[in-house]
Amino acid sequence: MGKHEPYHLHREGFATSLGVLAATLGSAVGLGNIWKFPYLTGQNGGAAFVLLYLVCVFFIGLPVMISEFIIGRRAKANCVTAFQKLEPNRPWYLTGVIGVISAFLIMFFYTDVAGWVYSYIFKSASGAFASIHPSETAKVFNSFISSPYAPLFWQWVVLVVISVIIIAGVTKGIERMTKTLLPILFVLLVICDIRALTLPGAAKGVAYLFKPDLTKITGAVVLSALGLAFFKLSVGMGCMTTYGSYIGNNENMPRNAIRVVLADTFVSILAGLAIFPTVFAFGFKPDAGASLLFITIPAVFKAMPGGQIFMVLFFVLSAIAATGAMISLLEVPVAYLSEQHNWSRPAATVLSALVMGVIGILATLSTSVLSKTLVLGKTFFDLFDFVSSNICLPLGGIFICLFVGWVLGRRVVLDEASNHGRLNNEAFLHIYLVVVRYVAPVAILIVLLNALGIFKF
Ligand code: PHE
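Right, let's walk through the structure included here.

Thresholds, definitions, all that
- Residues numbered from 1 in each chain as written.
- Predicted model: local features only at pLDDT ≥ 70, side-chain atom pairs only at ≥ 80, totals over all residues.
- Heavy atoms only, no water.
- Helix = DSSP H or I, 4+ residues; strand = E, 2+ residues; numbered from the N terminus.
- Rg over C-alpha atoms; globule rule 2.2 N^0.38 Å.
- Buried < 20%, exposed > 50% of the residue type's maximum accessible area, 1.4 Å probe, protein only.
- Contact = heavy atoms within 4.5 Å.
- Areas by Shrake-Rupley, 256 points an atom, 1.4 Å probe, with all protein chains shown as cover.
- Lys, Arg positive; Asp, Glu negative; His and termini not counted.
- Charge placed at Lys NZ, Arg CZ, Asp CG, Glu CD.
- Expected span 1.5 Å × (residues − 1).
- 1 Å grid on protein atoms, 1.4 Å probe; cavity = no way out; pocket = protein on both sides within 12 Å on 5 of 7 lines; lining within 4 Å.
- Points joined across faces, edges and corners; volume = space filled by probe spheres on them.
- Nonpolar A, V, L, I, M, F, W, Y, C, P; charged D, E, K, R; others polar.
- Phe/Tyr/Trp six-rings, centres within 6.5 Å; stacked < 30°, edge-to-face > 60°.
- Lys NZ or Arg CZ within 6 Å of the ring centre and 35° of its normal.

Some thoughts on the overall build of the protein
Here's step 1: In terms of regular secondary structure, the protein is built from 17 helices and zero strands.
Here's step 2: Its C-alpha radius of gyration of 21 Å places the protein within 12% of the 23 Å reference for a compact globule of 457 residues.
Here's step 3: Overall, the protein is about 65 × 50 × 40 Å in size when its C-alpha atoms are taken along their principal axes.
Here's step 4: Every one of the 457 residues in the protein was classed for burial, and the buried ones make up 60%.
Here's step 5: The contacts in the protein between residues at least 6 apart in sequence include a share of 81% that link residues at least 24 apart.
Here's step 6: As presented, the protein carries roughly 17,100 Å² of accessible surface, and 69% of it is formed by carbon and sulfur atoms.
Here's step 7: Taken together, the 30 basic and 19 acidic charged side chains of the protein have centroids lying 3 Å from each other.

Put into structure tokens, the structure is as follows:
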């Protein structure tokens, strides 16, 4: 392993197709599937949002992911250096800089929510839900997040855990663990689905998820769907560029991207199928926002025999999935600082985690003492979330598409993404090129300008 290479991403680690798939899927699957996808669906009116989300995932998220793989593997460097290497004369590397900033913005609130998940392992294990009625789970959650101390404590526990993992270089172990545990999370979601779908009144939840009411679509809803697609697939910010730099020359990158997108979307739909029937069966509100997961999941487990054990397991597995995603997020600034500025990896990790922890306090206190402190009409939590997912990642996406489509250009794309002509995917790549040159950048720009009110339709 070279001195400046991240421990878990050195190139042999990605020698197999399964390794590539596990690493990229490990970054994609996280709180986005079980927490953010359901709560945004609930806040934005249900199926119409899901439909928009799917369109964004396949026509924008997927091409951006392929583009990041191409940039990464061509340059074999972190997300800032990669642009510099491929185009030294123009400031395209700023795309990578926006990516590093996005990683911080996301971590400010992601560590807070991950802390809620960690604490729910202990809450469910210690029987906090044992003597309450399923409809009362909201009370438990609200009293937890409206105190400043416990959420802060858990956020810092999360930061210490991921820092230790990265510094100790045991990331490989975590990845292996994620690989074996993700299928178990999947099975648990299916168990939740079966219980949720057999609750009285479940049909309403299914209709909510799959029967679109197109009148619910507004510019803001489209932007949310687009932002979620970027966030979910870990694209637009350099994570997949960094991973791309460790993909072997014989791997089929477009195929890997398609697999990640399909598997990830499937997990989100499974989570939606567990949550919305439960919402309607127990009379919760679908638009409860960020608290939705923590209200509905305990309720569905309470409604099944042996539920407490399954609930503990569910939160353990969710914590692991979230931890895997956070490692890939923290890796972005750490790789940048250590490769580009010659910092040692431990120093880069500790400094990055400290900044995340200190500014992250603002996000965490947004549900308690800072709940009335608004910036641009949003709490700090919502502000970090909005600016990262709905502005920085789409902007990064535009630049990534333009860079691949116009700066690298047709010849390099066809060469790199077909493994020098060895893969028979030219027809696909021609469509892909049209998408990254025209369709995706224009579509993203229109959605952004429209939702921000700069340009109205
Ligand atoms: N995709 C991850 C999730 O759904 C979050 C993430 C975003 C990870 C951006 C890395 C980069 O939880």
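Some details on helix α12 (residues 253-282)
Here's step 1: Taking 1.5 Å of rise per residue, 30 residues should cover 44 Å, and α12 covers 44 Å from first to last C-alpha, within 8% of that figure.
Here's step 2: Among the residues trailing α12, Gly283 stands out with phi positive, at a value near 75 degrees.

Some words on empty space enclosed by the protein
Here's step 1: Considering all chains together, one arrives at three cavities of 30 Å³ or more under this definition.
Here's step 2: The volume enclosed by the largest cavity comes to roughly 120 Å³.
Here's step 3: Forming the walls of the largest cavity are 16 residues, and the residues nearest its centre are Ser27, Tyr110, Phe231, Ser234 and Leu329.
Here's step 4: Considering only residue class, the lining of the largest cavity consists of ten nonpolar, five polar and one charged.
Here's step 5: Approximately 80 Å³ is the volume found for the second largest cavity.
Here's step 6: As for the second largest cavity, its lining consists of Ser17, Val20, Glu251, Asn252, Met253, Arg255, Asn256 and Arg259.
Here's step 7: Put simply, the parts of the chain that give the lining of the second largest cavity at least two residues each are α1 (17-28) and α12.
Here's step 8: Among the elements that make up the lining of the second largest cavity, the one with the highest residue count is α12 (four residues).
Here's step 9: Residues of the lining of the second largest cavity, tallied by class, amount to two nonpolar, three polar and three charged.

A few points about the environment of Cys401
Here's step 1: Along the chain, Cys401 falls in helix α16 (residues 380-417).
Here's step 2: When its relative accessible area of 0% is taken as the criterion, Cys401 is described as buried.
Here's step 3: For the pair formed by Cys401 and Ala440, sequence separation is 39 residues and the distance between their alpha carbons is 7.3 Å.
Here's step 4: Setting aside its immediate chain neighbours within four residues, Cys401 contacts Val64, Val436, Ala440 and Pro441.

What about the layout of surface pockets?
Here's step 1: Considered as a void within the structure, the largest pocket measures approximately 660 Å³ in volume.
Here's step 2: Along the walls of the largest pocket sit 31 residues, with Tyr39, Gln43, Phe381, Asp382 and Asp385 positioned nearest its centre.
Here's step 3: For the lining of the largest pocket, the elements supplying multiple residues, two or more each, are α2 (31-43), α6 (137-145), α10 (219-232) and α16.
Here's step 4: The biggest single contributor to the lining of the largest pocket is α16, with six residues.

A few points about unusual backbone geometry
Here's step 1: Phi is positive for Lys76, close to 50 degrees, though the residue is something other than glycine.
Here's step 2: Take Lys76: it is sitting in the loop between α3 (47-75) and α4 (79-86).
Here's step 3: According to the relative accessible area criterion, Lys76 is partly exposed, its value standing at 30%.

Some points on the packing of aromatic side chains
Here's step 1: If you walk through the whole model with that rule in mind, you get 32 aromatic pairs.
Here's step 2: Relative to Phe109, the ring of Trp35 lies with its centre 6.5 Å away and its plane at 40 degrees, an arrangement referred to as tilted. On the criterion of sequence distance, the pair formed by Trp35 in helix α2 and Phe109 in helix α5 (residues 94-125) is long-range, its members being 74 residues apart.
Here's step 3: Using a relative accessible area of 0% as the deciding quantity, one classes Phe109 as buried.
Here's step 4: Aromatic pair Tyr120 and Phe141: ring centres 6.1 Å apart, planes at 65 degrees, arrangement edge-to-face. Linking Tyr120 in helix α5 with Phe141 in helix α6, this pair joins segments that are 21 residues apart in sequence. Comparing Tyr120 with Phe141 shows no difference in burial state: the two are buried.
Here's step 5: Geometry around Phe231 places Lys36 over its ring, the cationic atom sitting 4.0 Å from the centre.
Here's step 6: One cation-aromatic arrangement involves Lys378 over Phe386; the distance from NZ or CZ to the ring centre is 4.6 Å.

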